[in-house]
Structure formats: C-alpha cells, structure tokens
Amino acid sequence: QAQLVESGGGLVQAGGSLRLSCAASGRTFSSYAMGWFRQAPGKEREFVATISTSGGITRYTDSVKGRFTISRDNAKNTVYLQMNSLKPEDTAVYYCAARSFGTAYRSDDYNYWGQGTQVTVSS
C-alpha cells in the first residue's frame with residue numbers, strides 16, 4: 001500500500017514555473033506507475049500526466065504538452081511535475097496518484113492518492 005504526499009504548490013505569476021513533488025512511502029514505489037491529476041473549482045478532476053514504472057514512458061494531456069514534464073526518481077521514491085510557462089487556466093489542486101500496472105489516463109484506474117497541493121497562477 002502506498003501513501004503519497006504532494007508538495008511544491010503555491011502562487012505564481014503567469015509565465016512562471018513551479019515544480020511539484022510527490023513522495024511515496026513503502027519499498028515498492030518502483031513498481032507503481034504514477035500520474036498527476038488536477039481539479040479546478042467547479043470542475044471535474046482531469047488527467048495531466050503519467051509516467052511508467054521505469055520512467056521510460058510519459059504521456060500528457062494536450063493542454064500541457066511542451067510546458068509540463070513528469071519525471072521520477074525511484075531511489076528517492078519521488079515523482080515530480082515540472083511546470084513551466086504557467087497560465088491562469090492551470091490553477092487547480094494538483095494530485096498525484098499511483099497504480100500497480102502501466103500508465104493510465106482515468107482517475108478510476110489509480111489505487112492510491114495524495115491529499116493534493118494548490119497551484120494558483122495569477123494573470
């Protein structure tokens with residue numbers, strides 16, 4: 001069972017950058033595919049990015065391609081989301097999630113979730 005804790009959120013101006021981190025407990029982190037999701041006020045949770053167990057496969061939602069980068073350090077049990085060229089529409093609570101098999105896009109496919117970290121982008 002994985003426990004996930006996100007950090008790194010905050011307030012940033014449009015065009016700025018933030019790096020989110022998600023630290024996982026347990027010795028099986030390297031066996032989990034990881035994902036980042038976000039939920040803006042009044043909207044459903046949406047997929048942002050996912051990364052395979054080894055880090056060799058990454059996928060992104062179209063709106064963040066070229067701006068966000070997902071990565072992982074299995075030695076540190078941590079997954080990251082580097083967010084550049086931030087826009088006001090990126091404002092949301094960002095969640096990391098883990099699943100025992102391959103990468104996935106649907107939130108229902110993930111077994112474990114963090115508590116979320118707020119990202120606010122001002123115009």
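Chains are numbered independently. Their residues run from 1 in the order of the written sequence. Totals for whole chains, interfaces and linings use every residue, but because this is a predicted model, local features are given only for residues with pLDDT of at least 70 and side-chain atom pairs only at 80 or more, for both listing and counting. Processing note: side-chain calculations cover all non-hydrogen atoms of the structure and skip hydrogens and water entirely.

1. Section: the state of the cysteines
Two cysteines, two sulfur atoms, one covalent bond between them: this is a disulfide.
Here is step 1: Counting rule for disulfides: a pair of cysteine sulfur atoms within 2.5 Å. Tallying each qualifying case throughout the model produces one disulfide.
Here is step 2: Disulfide pairing places Cys22 opposite Cys96 at an S-S distance of 1.9 Å. Since a negative S-S torsion denotes a left-handed disulfide, the Cys22-Cys96 link at about 45° is right-handed. Taken together, the residues Cys22 in strand β3 (residues 18–24) and Cys96 in strand β9 (residues 92–99) connect sequence positions 74 residues apart. In DSSP terms, a helix is any run of H or I states spanning at least four residues, a strand is any run of E spanning at least two, and both are numbered starting from the N terminus.

2. Digging into the packing of aromatic side chains
Here is step 1: Working definition: a ring pair exists when centres of Phe, Tyr or Trp rings (six-membered ring for Trp) sit within 6.5 Å. Plane angles under 30 degrees give stacked, over 60 give edge-to-face, the rest tilted. This structure, assessed with the given rule, holds seven aromatic pairs.
Here is step 2: Arranged with centres 5.1 Å apart and planes meeting at 55°, the rings of Phe37 and Trp113 form a pair that is tilted. One end of the pair, Phe37, is in strand β4 (residues 33–39); the other, Trp113, is in strand β10 (residues 112–113), and 76 residues separate them in sequence.
Here is step 3: Between Phe47 and Tyr105, the ring centres sit 5.0 Å apart and the planes meet at 75°, which makes this aromatic pair edge-to-face. Here Phe47 is found in strand β5 (residues 46–51), whereas its partner Tyr105 is found in the loop between β9 and β10, with 58 residues between them in sequence.
Here is step 4: Only protein chains enter the accessibility calculation, which uses a 1.4 Å probe; a residue is then buried when its area is under 20% of its type maximum, exposed when over 50%, and partly exposed in between. We classify Tyr105 as partly exposed; its relative accessible area is 45%.
Here is step 5: For a lysine, the NZ atom is tested; for an arginine, the CZ atom; a charge sits over a ring if that atom is within 6 Å of the ring centre and within 35 degrees of the ring normal. Above the plane of the ring of Tyr95 lies Arg45, whose end atom (NZ or CZ) is 4.0 Å from the centre.

3. What to know about the pattern of salt bridges
Here is step 1: Take a side-chain nitrogen of Lys or Arg and a carboxyl oxygen of Asp or Glu: if they are within 4 Å of each other, that pair is a salt bridge. Inspection of the entire model under this criterion finds five salt bridges.
Here is step 2: In this structure, Arg38 and Asp90 form a salt bridge, with 2.9 Å as the shortest nitrogen-oxygen distance. Of this pair, Arg38 sits in strand β4 while Asp90 sits in the loop between β8 (78–83) and β9, placing them 52 residues apart in sequence. Per residue, the accessibility class of Arg38 equals that of Asp90, and both read buried.
Here is step 3: Taken together, the salt bridges that share partners define one network made up of Arg38, Glu46, Arg67 and Asp90.

Everything listed is a geometric property; what it means functionally is a separate question.
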